[in-house]
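# Examining the three-dimensional arrangement
Residues per chain, in single letters:
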Amino acid sequence: MESGGLDKRTLTLLGALPGVVILVNAKGVVLQASDEATTLRLVRRGIITSVEVADTAAKCVASKRTSATEVSLVRPSKRRGNLDLRVRAIYLPGGYAALLLDDLTEENRLTAIRRDFVANVGHELKTPVGAISLLAEALEAASDDPESVQHFANRMKLEAERLASLINDVIDLSRLQGEDPLSDPETIDLNVVLESAIDTISSAAHAKRITIVTSCEGDHFIEGDADQVSTALINLLNNAVAYSEPNTRVAVAVRVSDEMINVDVKDQGIGIPEAELSRIFERFYRVDSARSRVTGGTGLGLAIVRNVCSNHGGDIFVWSVEGEGSTFTMSLPRIVAARPDADSAEAGLVDATPREVDRGT
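Right, let's walk through the structure included here. (Residues numbered from 1 in each chain as written. Predicted model: local features only at pLDDT ≥ 70, side-chain atom pairs only at ≥ 80, totals over all residues. Heavy atoms only, no water.)

Two side chains bearing opposite charge may form a pair once their charged atoms approach each other closely. Scanning the entire structure with this criterion turns up three salt bridges. The closest approach of N and O atoms between Arg-88 and Asp-102, which form a salt bridge, is 2.9 Å. You can see Arg-88 sitting in strand E6 (residues 82-92) and its partner Asp-102 sitting in strand E7 (residues 96-103), a full 14 residues away along the chain. Arg-255 is the partner of Asp-264 in a salt bridge, and the nearest nitrogen-oxygen pair spans 2.5 Å. Taking relative accessible area as the criterion, Arg-255 reaches 37% and is therefore assigned partly exposed. (Salt bridge = Lys/Arg side-chain N within 4 Å of Asp/Glu carboxyl O. Helix = DSSP H or I, 4+ residues; strand = E, 2+ residues; numbered from the N terminus. Buried < 20%, exposed > 50% of the residue type's maximum accessible area, 1.4 Å probe, protein only.)

Next up, the structure:
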């Protein structure tokens, strides 16, 4: 590109700046652009493709003053969402404008998450706190009636447990959003973590006479944070038990697919309406709020699972039919442990013989 009347030192300096840098003349012709500007398709055939960015440059040249503005652009094809940019236009003598662009997309996304999270948490906390306050008043008024006192005391206990569960889930989700388990990963034996998770929810399963059936023979190893993976599995198993009818089964299977390990948690519960499937991983979203109050659900369990999967480079999927039940699948990248017989190891990973685990049913 022609550099016009700018000296080489200025051009060298602009070329050395990090990020998105675009140099234009008074006619709006791009004289120099960084690779990032081309990658984001902000520059094409010597012209700035964004009307907003081009206008910012033109106003800078016309006013001979430095300015800053924020614009939101449609991302290049095959990428979802908008691209949020802060555009700083610096006037250069001779009728030029140097545009320095900062990508604010992730910053704005996190800000929105924090804002929504705080608003949602505040709303969710008001419900059990308000209920406890009302029950305390009712308890005081019924001090002369032992049966009423017992009734209101039990209700207060349930609301306190619900509040404690909500606070714990909020803490877990906040921690997950701030940690990177792959920055210092450990090798995790998924079978061991899964067995521990099943033991954790065995009491709840026993109370509803629900049988847990597992199919996870062979060695299954992943990298990451064992506590996070355990939290995700416990949440999936808790949901499966909570939303299943008594005297049913919850099936847990570990499968290997290409470079992934898939953990299926299948219940015989009430199922999820098709229209709700796209929203069930949202924070505080509940398909049936009335049932969630009975089961003690906070609406954060599946959001926690999604964050754990994302943190480990995996994903979470769901299949469900109303009245038939649901299957949630955690898909995580696997590692193959060194074993004397590699062929046997691979065979062991694929061969999963179902076995029924007696949890006191």
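On we go from here.
In terms of nonpolar packing, the biggest core is built from 44 residues, with Leu-233, Leu-236, Ile-316, Phe-328 and Met-330 touching the most fellow members. With eight residues, the top contributor of residues to this core is helix H7 (residues 226-242). With 23 residues, the next largest nonpolar core counts Leu-40, Val-71, Tyr-91 and Ala-97 among its residues. (Core = buried A, V, L, I, M, F, W, Y, C linked by side-chain atoms within 4.5 Å.)

For the rest of this paragraph, the subject is the pairing of E7. Along E7, six of the eight residues are buried, which leaves the element largely enclosed by surrounding structure. Where strand E1 (residues 20-24) meets E7, five bridges bridge the pair, whose relative direction is antiparallel. Note on E7: the bridge partner recorded for Val-21 is Leu-100. Sheet topology places E6 next to E7; eight bridges connect them, and they run antiparallel. Looking at the pairing, Val-87 lines up with Leu-101 of E7. (Pairing = 2+ DSSP bridges.)

A full pass over the atoms with the stated rule returns one aromatic pair. Plain terms: the ring middles of Phe-281 and Phe-328 are 6.3 Å apart, the flat faces sit at 90 degrees to each other, and that makes the pair edge-to-face. Placement of Phe-281 in the loop between strand E12 (260-266) and helix H8 (289-295) and of Phe-328 in strand E14 (residues 325-335) is noted, with a sequence separation of 47 residues between them. (Phe/Tyr/Trp six-rings, centres within 6.5 Å; stacked < 30°, edge-to-face > 60°.)

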